[in-house]
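# Commentary on secondary and tertiary structure
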Amino acid sequence: MSSVRRLSLVTDEVHAPTPERQAGAVRVAIATQDMKNLNAHFGSARRFAVYDVGREEWNLIEAVAFDDFSDESGKHPEGDDRITAKVEALKGCHLLFCLAIGGPSAAKLVSAKIHPIRVPQPQTIQEVLVRTQMMLRRCPPPWLLKVLAQAGIAEQKPSFEDED
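The rules behind each value
Residues numbered from 1 in each chain as written. Predicted model: local features only at pLDDT ≥ 70, side-chain atom pairs only at ≥ 80, totals over all residues. Heavy atoms only, no water. Helix = DSSP H or I, 4+ residues; strand = E, 2+ residues; numbered from the N terminus. Buried < 20%, exposed > 50% of the residue type's maximum accessible area, 1.4 Å probe, protein only. Contact = heavy atoms within 4.5 Å. Areas by Shrake-Rupley, 256 points an atom, 1.4 Å probe, with all protein chains shown as cover. Core = buried A, V, L, I, M, F, W, Y, C linked by side-chain atoms within 4.5 Å. Salt bridge = Lys/Arg side-chain N within 4 Å of Asp/Glu carboxyl O. Polar contact = N/O pair within 3.5 Å; in protein donor to acceptor, adjacent residues only side chain to side chain. Arc of directions from axis to C-beta.

The next thing to look at is the overall build of the chain. In terms of helices and strands, the chain carries four helices and eight strands. Counting across all 164 residues of the chain, residues that qualify as buried make up 39%. Here the contacts in the chain between residues at least 6 apart in sequence split such that 58% fall between residues at least 24 apart. Accessible surface for the chain amounts to roughly 10000 Å². Of this, 52% is attributable to carbon and sulfur atoms.

Structure representation (structure tokens):
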């Protein structure tokens, strides 16, 4: 069984286990080994940096750390289910950025309503957040519009039928 640790920012005496998402923000998880860069495969990530990203700002919500992670060999011991623990820990996120992810892991994320995004090479977390903001500010791609609609944060588009 995998141990999960959460580090959250606390600003007052009352603290919910998972902070409420900011209005209009998308919750993003980033696979990281060092909390500075997107530099991990989903299964081998030691940590996930979780941010709320809006059009104008982003805020670190929490860091989720795991004691048990894969060695990126692609081989996992039979009966070993590290993936379910990671998916459960990331529930409430809308997007997950990572360097690589296997098909079964991606399927579990999608069924938990978390959209996995594979990035071809390491980059800073700040670069990921800026690119996410740019997607939100401009015309988001169809897959992101679907994620935003499922999250209840998509803007209503005017209908052709509404025009007189």
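Glancing now at the environment of Lys113. Structurally, Lys113 can be placed in the loop between α2 (103–111) and β7 (115–118). When its relative accessible area of 57% is taken as the criterion, Lys113 is described as exposed. Non-local contacts of Lys113, meaning those with residues more than four positions away in its chain, are made with Cys93 and His94.

Let us now look at the nonpolar core. Counting residues in each nonpolar core, the largest one holds 21 residues, and the members touching the most others are Val26, Ile30, Leu95 and Phe97. The residues touching Leu95, leaving out its near neighbours within four places in the chain, are Val26, Arg27, Val28, Ala29, Ile114, His115, Ile117, Thr132, Trp143, Leu144 and Val147. Counting residues in each nonpolar core, the second largest holds 20 residues, with Phe42, Phe48, Val50 and Phe66 among its members.

Before going further, it helps to examine the pattern of salt bridges. Applying the stated criterion to the full structure yields two salt bridges. As a salt-bridge pair, Asp52 and Arg27 come within 2.7 Å of each other at their nearest N and O atoms. Of this pair, Asp52 sits in strand β4 (residues 47–53) while Arg27 sits in strand β2 (residues 26–32), placing them 25 residues apart in sequence. The exposure class of Arg27 is buried, given its relative accessible area of 5%. The residue Glu88 makes a salt bridge to Lys91 at a minimum N-O spacing of 3.1 Å.

This next bit is on the side chain of Thr32. For Thr32, the position within the fold is in strand β2. Thr32 sits in the buried class, given a relative accessible area of 0%. Polar contacts involving the side chain of Thr32 include one to the side chain of Asp34, which spans 3.1 Å. Those residues in contact with Thr32, other than ones at most four positions away along the chain, are Asn37, Asn39, Ala40, Ala45, Arg46, Arg47, Phe48, Ala49 and Ile125.

Once that is clear, we can look at helix α1 (residues 82–89). Those residues of α1 that fall on the buried side of the exposure criterion are Arg82, Ile83, Lys86, Val87 and Ala89. Down the axis, α1 shows its buried residues gathered within 165° of arc, on one side only.

Another aspect to go through is α2. Within the span of α2, buried status applies to Ser105, Ala106 and Leu109. On an axial view of α2, the arc spanned by its buried residues comes to 100°, and they lie on one face. Exposed and facing more than 90 degrees away from the buried side of α2 are Gly103, Pro104, Val110 and Ser111. Buried residues along α2 sit in contact with α1, β6 (95–98) and β7. At the C-terminal side of α2, Lys113 shows a positive phi close to 65°.

Take unusual backbone geometry next. Of note in this structure, Met35 is not a glycine but carries a positive phi near 65°. Structurally, Met35 can be placed in the loop between β2 and β3 (37–38). With relative accessibility at 27%, the residue Met35 sits in the partly exposed group. Notably, Lys113 is not glycine yet its phi reads approximately 65°, a positive angle.

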